[in-house]
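Fold and geometry: a report
Chain residues, written in single-letter form:
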Amino acid sequence: MDLTAMCSTRLIIAAAATLALAGCAQTPTDLSPDFGHAVRANLAAQIADPDARYARVLEPGGDGARAVLAATRYGKNQVVAPASASTSSVEMKGGSKGPGSGSGN
């Protein structure tokens with residue numbers, strides 16, 4: 001077989017394969033009418049509304065003046081250290097001391 005015949009054969013095979021596979025492709029009309037709604041709903045749920053308006057009043061306990069002072073201290077690197085917290089220990093009287101206590105039972 002010469003080179004021209006071989007190239008023609010390959011071209012015909014490639015064209016036939018392309019046409020066969022084209023019949024399997026989905027077109028936009030084959031998709032469900034609600035295709036993509038979940039993605040759009042998820043995007044809408046995750047994007048904040050820049051013009052959000054809320055009818056309810058903020059809960060009590062928020063103090064704007066304290067928040068401004070805290071932000072100012074943060075900007076000047078003068079943050080007030082939080083109060084130290086400690087843990088407590090509880091001793092159980094009687095009974096098992098828990099797993100790994102070496103009681104041999």
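Before any of the text, the structure's been laid out above.
Model, not experiment: these values are computed from the prediction. (Residues numbered from 1 in each chain as written. Predicted model: local features only at pLDDT ≥ 70, side-chain atom pairs only at ≥ 80, totals over all residues. Heavy atoms only, no water.)

Considering the overall build of the protein chain
From N to C terminus, the protein chain includes 3 helices and 0 strands. Order of helices (α) and strands (β) in the protein chain, N terminus to C terminus: α-α-α. When burial is assessed residue by residue, the protein chain has 0% of its 105 residues classed as buried. Surface accessibility of the protein chain: about 10500 Å² in total, with carbon and sulfur atoms responsible for 61%. (Helix = DSSP H or I, 4+ residues; strand = E, 2+ residues; numbered from the N terminus. Buried < 20%, exposed > 50% of the residue type's maximum accessible area, 1.4 Å probe, protein only. Areas by Shrake-Rupley, 256 points an atom, 1.4 Å probe, with all protein chains shown as cover.)

Things to note about unusual backbone geometry
A positive phi angle is found at Asn77, which is not glycine, with a value near 60°. Summarising the element assignment, Asn77 is placed in the segment after helix H3 (64-75).

Remarks on the environment of Thr18
Turning to its location among the elements, Thr18 is positioned in helix H1 (residues 3-22). We classify Thr18 as exposed; its relative accessible area is 52%. Of note is the side chain of Thr18, whose polar atom sits 2.8 Å from the backbone oxygen of Ala14. (Polar contact = N/O pair within 3.5 Å; in protein donor to acceptor, adjacent residues only side chain to side chain.)

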